[in-house]
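# Residue-level structural notes
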Amino acid sequence: MTAIEQRAASVALDPEEARRLRARQLERTGRWLFPLVIMALAVLAWDRICVWNDIPQYILPRPHIVLQTLYTDAGLLFGSLLFTLKITFLSLLLAVIGGVGLAVIFTQSKWVEMSFFPFAIVLQVTPIVAIFPLINIYVNNQTAKLLLCAWIVAFFPILSNTTLGLNSVDRNLRDLFRLNGATRWQELRYLRLPAAMPYFLGGLKIAGGLSLIGAVVAEFVAGSSGQASGLASRIIEAGYRLNAPRLFAALILISLTGIIIFLVLSLISHLVLRRWHESAIRQDRGGREKTPSFPLLSFRRMTAPVIPANGSYALSRVRLHASLTPGLAAATDADGFALADMSVADGRIKAIAPHDPAVSPGAVDLAGRIVTPCFVDCHTHLDKGHIWPRTPNPDGTFAGALGAAAADQAARWSGADLGRRMDFALRCAYAHGTSAVRTHLDSIAPQAEISWPVFEAMRERWRGRVELQGACLIGIEEARDHAGFAGLARRVAAAKGVLGAFTYMVPDLDDLLDRVVALAGEHGLDLDFHADETADEGSVSLSRIADAVIRNGFSGKVLVGHCCSLARQPDAVVLGTLDKVARAGLAVVSLPLCNLYLQDRRTDGTTPRWRGVTLLHEMKARGIPVAVASDNTRDPFYAYGDLDMLEVYRVATRVLHLDHPVGDWPRAVAATPAEIMRLPGFGVLDVNGAADFVVFKGRSLTELLSRPESDRIVVRGGRAIEARPPDYAELDDLMGWT
C-alpha cells in the first residue's frame, strides 16, 4: 500500500475520494517537477547542438562554459546585478507610491480621474526609447535617468489595476457604509482599499517584472558603462567583444532575477489573500473550498459591545428611530433612523444628541447598531400561555381552540399552575426586552377568584422589571347577569385593572355594551374588548362599541383587539365604521401571529384565502391609535410564540406592510401601546427618562428584521441584564412529562 493509500485509509475515504486525493498529490508534485524536467532537457539539447555542430563558443557557448564564466566573472556580474536591482526596486517603490496615491485621488474625484488618466495612458503607450532623448536633455544625473525610465514602464499597471479595484466595490456594501454614516476616509480604509487589494497585488506582480525590464532597457538606451553600471552594460560590452559566455551569463542572471521577483511578489500576494479571497483559498481534502475570512473588513466581524456595569457611561454611534426618540433633532435615513450618541448615569438617560465623531475616547462604540426603547405588549393571555403540550388544539380552528382552552381551564387552572406559567411567560418577555404587559384574564366564575389573586401577586413580584396590567375577559353575554357582572367590575377595580369583554353579534349587544361602558365609568376603569375575531362580514361589533362609547360620553381609554371582519366588509361599511371609531377615540390592536394562525383555517386540505389582519393603515390615516401585540403563546389559540415583540413587529411588517415608507410604525410596539396603557415614559427614549433599552446587532431595518436577534442586549436601569429565556423543561411536570 502506498503512502497516499495509507493516508486515505486512515481517514476512511471512499475509493472515489482517495482517487481525487492521489490526483491532487500528483498535481502538486508535477507543478514543480515538470518545469525542472523540461528545463533540464532544454539545457541538454543546447549542449548536444553545440557539440554535434561544432559551434564556436563566441557564437554559442556550451552550458558548462556559461556556468564557468558565471563563476569566474562573479565579482563583475553580481556588482552590475546589484546596480540593476537598485534601479528595479527603487522604480517599483516609486511606482507603488505614485500609482496607489494617484488611484486613491482618482477614486475620490471622477473629475480628476477623467482629467489625468489619459496622460497616464500616453506614458504607457509611448515607447521608452522615444521618450529617453527628452529625459537625457532634462535630467543630468545618470542614475536618475535610469530610475525615471524604469518608473515610467512600471507605473501604469499599478495605477490602472488599483483604480479598477477601488472602483469595483460592491454597490450594496458601499450603500451600507453610507447608510451607517461612514466618512470618506472610513469608506476608503475599511471598504475600498481591502476590496482593491487583489487588483493591486495583480498589478504589483506585473509591475515587478516590468520594473526589471525597464531598468535593463533604460541602460541600453542610456548607454551607461563603467563600474557603476548594470547588467545591460555588461551585455553590450560582451557583445562588442564577442564574449558570448559572459553575455549568456548576464542574460541568465537577468532571467533568474525576474523569476525570483515574480515568485516573491506571488508569495506576498498569497500571504495577503489566502484567508479571504477566492483566488488564494485552498481546497480542503474533500475538494471543498475553505470558508473565506476577510479580517480587513472589520464591520463583518463586529465585536459585541460591553455595557459598563457601573451604570454611568456614554454610547457612541447609536442608531435611533426618530418616532421613538422625541427629543432628537438629527438627520434620518429613508427608514427614519438617525446616528446619535447617548449618555447614561444613575439608571437614567442623561443626554441624546446627533453623533459627533469627536466623541470622548471612553465611549462604547455601538458601530451603528439599532437601539430601541423596551417594548410594550398591550394584548396577551398569560393565563392560557404554555398549555399546548398538554392541551393542543385538535384541528387548529377557532372553535377547537375555545373548546380545548375551556377544558384545560376546568381541569388544571389552580393558583399554583397559573403562577408558574405566568412567571415563566414574564421571564420570556423580560429576556426579549419587554418592559410592560397587559394580560387578559379569563374571569367567568369561579376562575376569577383564582386568577386575579395570582395576577396581583405576580404584579408585585415583577414590579420594577415588567409593569403588569390585567384586563378581565368574559363573553359579552355574561353582562346580562347584573349582579355578577357588577361584582366582577368591583373586583377588577380593586385590582386596578381594566374592564373587558369578548363581543359578538347577539340581539341585545347594544344594551350589553351600554352596561359595560356604564360600569367602567362608574368605577373609573378603562375598557379593553375582543371584537370581530371572525371572517363573517356581518360581525360589526367594532362599530357598535364606537356607538356605545359615543352614546354614553365615555372619556376613558378604550382598546379594541382583532377586528378581523373589518377587512372583509364593503368599503362603504368600512369607511363609516372607521369614522365612528376615530370620533369615539378608540384605539385598535392587531394580533398578526394568532390571527394568521386561526383565521380561515381549513380542514379540507385547502389553503387559506385571507390572513385575518385588520385595516391598520386606514385607521392610522384617520388618527386612530394602532398597535400590534403578541396575543396568545403556545396555547390552543396559537401553538407558537414567546412574547418576543421583535418577532411580532417582524411579522407585522411583512404581513401588514408596515414599510415603504416605515414612517412611525415602530411606535406600534412601544410608544403607542404605552400611551394606551397610561404608562408615561415607557416606549420612548428621552432625556431624563429611564435607561431601559435594547441594543440589537442590526444596523438597518432589513438587518434588524431578517434575523431573530437572539444575541440582543437588554438594558434595564442602565445595566445589561441576563437576557436568557427560561428552559421549557421547567414546565415538564405541569405538562405531565417525566
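What you see is a predicted model; the values in this text were computed from it and never measured.

### So, the overall build of the protein
Helix and strand counts for the protein come out as 23 helices and 16 strands. For the protein, the C-alpha radius of gyration of 39 Å lies well beyond 27 Å, the compact-globule estimate for 738 residues. When the backbone C-alpha atoms are referred to their principal axes, the protein occupies close to 130 × 70 × 55 Å. Here the analysis covers contacts within the protein between residues at least 6 apart in sequence; of these, 76% occur between residues at least 24 apart. Element-wise, carbon and sulfur atoms account for 59% of the exposed surface of the protein, whose accessible area totals about 34200 Å². Each charge sign in the protein was given a centre, from 75 positive and 72 negative side chains, and these centres are 10 Å apart.

### Here we look at a nonpolar patch on the surface
A cluster of nonpolar side chains, contributed by Trp32, Leu33, Phe34, Leu36, Val37, Ile38, Leu41 and Leu44, occupies part of the molecular surface with about 820 Å² of accessible area. Inspection of the secondary structure puts Leu33 in helix α2 (residues 15-52). Take Leu33: its relative accessible area is 34%, and that puts it in the partly exposed class.

### Some details on the environment of Ala244
Among the structural elements, Ala244 can be located in helix α11 (residues 244-273). Accessibility expressed as a relative area gives 7% for Ala244, which makes it buried. For Ala244 and Pro56, which are 188 residues apart along the polypeptide, the C-alpha to C-alpha distance reads 9.8 Å. Contact partners of Ala244, with chain neighbours within four places excluded, come to Gln57, Tyr58, Ile59 and Pro61.

### Remarks on helix α6 (residues 128-138)
Listed in full, the buried residues belonging to α6 are Ile128, Ile131, Phe132 and Ile135. Along α6, the residues classed as buried sweep out an arc of 115° about the axis, all on the same side.

### As for the sheet that holds strand β1 (residues 313-321)
Taken in spatial order, the 4 strands line up as β3-β2-β1-β4 in an open sheet, and their pairing is mixed. Edge positions in the open sheet fall to β3 (348-354) and β4 (364-365), since each of these has one partner strand only. As judged from the 2 bridges shared by β1 and β4, these two strands associate in the parallel manner. Bridging across to β4, Ser316 finds its partner in Asp365.

### A closer look at the packing of helix α4 (residues 74-108) against helix α7 (residues 142-167)
Between α4 and α7, the least distance of the axes is 6 Å, while the angle of their chain directions is 35°. Note on packing geometry: the crossing formed by α4 with α7 is right-handed. In terms of residue class, the contact of α4 with α7 is made up of 20 nonpolar, 8 polar and 1 charged.

### A word on the pairing of strand β11 (residues 558-562)
Burial within β11 is extensive, with 5 of its 5 residues counted as buried. Note: β11 against strand β12 (residues 587-590), 3 bridges, orientation parallel. Residue pairing across strands places Val560 opposite Val588, the latter belonging to β12. Crossover handedness for the path β11 to helix α18 (residues 571-584) to β12: right-handed.

### With respect to the packing of aromatic side chains
This structure, assessed with the given rule, holds 12 aromatic pairs. Considering the side-chain rings of Tyr430 and Trp462, the 5.7 Å spacing of their centres and the 70° angle between planes classify their relative orientation as edge-to-face. Residue Tyr430 is found in helix α13 (residues 415-432), and its partner Trp462 is found in the loop between α14 (448-461) and β8 (467-473); the two are separated by 32 residues along the sequence. As far as burial versus exposure is concerned, Tyr430 and Trp462 are alike and both buried. Seen in terms of ring centroids, Phe502 and Tyr504 are 5.8 Å apart; in terms of plane orientation they differ by 45°. Their pairing is tilted. Here Phe502 falls in the buried class, since its relative accessible area comes to 18%.

### Side note on the confidence of the model for the protein
A low pLDDT means the predicted coordinates there should not be read in detail. Chain-level statistics for the protein give a pLDDT mean of 87 and a share of 92% at 70 or above. Note on residues 1-13: pLDDT under 50 across the span, and 13 contacts to partners over four residues away in sequence or across chains. Between residues 283-300, whose pLDDT stays under 50, and residues either more than four places distant or in other chains, the model counts 41 contacts.

### Comments concerning the environment of Ser323
Relative to the helices and strands, Ser323 is located in the loop between β1 and β2 (337-345). Along the backbone, Ser323 and Ser710 are 387 residues apart, and their C-alpha atoms lie at a distance of 24 Å. Dropping the residues within four chain positions of it, Ser323 is found in contact with Asp664, Pro666 and Arg667. A distance of 2.8 Å separates a polar atom in the side chain of Ser323 from a polar atom in the side chain of His321.

### Comments concerning the side chain of Arg459
Note on placement: Arg459 falls in helix α14. For the buried Arg459, which has no salt bridge, the nearest side chain bearing the opposite charge is Glu456, at an N-O separation of 4.4 Å.

### So, empty space enclosed by the protein
Overall, the coordinates contain 3 cavities of 30 Å³ or more when judged by the stated rule. What the largest cavity holds in volume is close to 130 Å³. Forming the boundary of the largest cavity are 13 residues, of which Leu324, Thr372, Tyr649, Pro666 and Leu704 lie nearest the centre. Broken down by secondary-structure element, the contributors of at least two residues to the lining of the largest cavity are α21 (645-656) and α23 (701-704). Classifying every residue of the lining of the largest cavity by side-chain character gives 11 nonpolar, 2 polar and no charged.

### Points about the nonpolar core
In terms of nonpolar packing, the biggest core is built from 101 residues, with Leu499 and Leu586 touching the most fellow members. If you look at the next biggest cluster of nonpolar residues, it comprises 36 residues, including Leu70, Phe117, Ala249 and Leu273.

### Looking at the pattern of salt bridges
Overall, the coordinates contain 28 salt bridges when judged by the stated rule. Between Glu187 and Arg192 there is a salt bridge, with the nearest N and O atoms lying 3.1 Å from each other. The exposure class assigned to Arg192 is buried, which follows from its relative accessible area of 11%. Across the pair Asp733 and Arg420 runs a salt bridge, and its minimum N-O distance is 2.7 Å. One end of the pair, Asp733, is in the segment after β16 (719-720); the other, Arg420, is in helix α13, with 313 residues separating them in the sequence. What emerges from the salt-bridge pattern is a single network uniting Arg390, Asp408, Arg412, Asp417 and Arg421.

### Describing the pairing of β12
Burial of the side chains of β12 extends over both faces: Ala587 and Val589 are buried on one face and Val588 and Ser590 on the other. Where β12 meets strand β13 (residues 626-628), 3 bridges bridge the pair, whose relative direction is parallel. Bridge pairing in β13 places Ser590 opposite Val628.

### Quick look at unusual backbone geometry
Glycine aside, residues mostly have negative phi angles, and peptide bonds mostly take the trans form. Following Ala445, the chain continues into Pro446 via a peptide bond in cis, with omega recorded as 5°. Its location among the elements puts Pro446 in the loop between β7 (434-442) and α14. His660 connects to Pro661 through a cis peptide bond whose omega is 5°. A positive phi angle is found at Ala367, which is not glycine, with a value near 55°. When you line up the elements, Ala367 lands in the loop between β4 and β5 (371-373). Classification of Ala367 as partly exposed rests on a relative accessible area of 22%. With a phi close to 55°, Lys496 is a non-glycine residue in the positive phi region.

Definitions and limits used
Residues numbered from 1 in each chain as written. Predicted model: local features only at pLDDT ≥ 70, side-chain atom pairs only at ≥ 80, totals over all residues. Heavy atoms only, no water. Helix = DSSP H or I, 4+ residues; strand = E, 2+ residues; numbered from the N terminus. Rg over C-alpha atoms; globule rule 2.2 N^0.38 Å. Contact = heavy atoms within 4.5 Å. Areas by Shrake-Rupley, 256 points an atom, 1.4 Å probe, with all protein chains shown as cover. Lys, Arg positive; Asp, Glu negative; His and termini not counted. Charge placed at Lys NZ, Arg CZ, Asp CG, Glu CD. Patch = residues over 30% accessible without salt bridge, like charges linked within 9 Å, V, L, I, M, F, W, Y side chains within 5 Å. Salt bridge = Lys/Arg side-chain N within 4 Å of Asp/Glu carboxyl O. Buried < 20%, exposed > 50% of the residue type's maximum accessible area, 1.4 Å probe, protein only. Arc of directions from axis to C-beta. Pairing = 2+ DSSP bridges. Axes fitted to C-alpha atoms, helices over the stretch in contact; angles between N-to-C directions. Left-handed = near helix turned anticlockwise from the far one by under 90°. Nonpolar A, V, L, I, M, F, W, Y, C, P; charged D, E, K, R; others polar. Right-handed = clockwise from strand over helix to strand, strands pointing away. Phe/Tyr/Trp six-rings, centres within 6.5 Å; stacked < 30°, edge-to-face > 60°. pLDDT = per-residue confidence, 0-100. Polar contact = N/O pair within 3.5 Å; in protein donor to acceptor, adjacent residues only side chain to side chain. 1 Å grid on protein atoms, 1.4 Å probe; cavity = no way out; pocket = protein on both sides within 12 Å on 5 of 7 lines; lining within 4 Å. Points joined across faces, edges and corners; volume = space filled by probe spheres on them. Core = buried A, V, L, I, M, F, W, Y, C linked by side-chain atoms within 4.5 Å.

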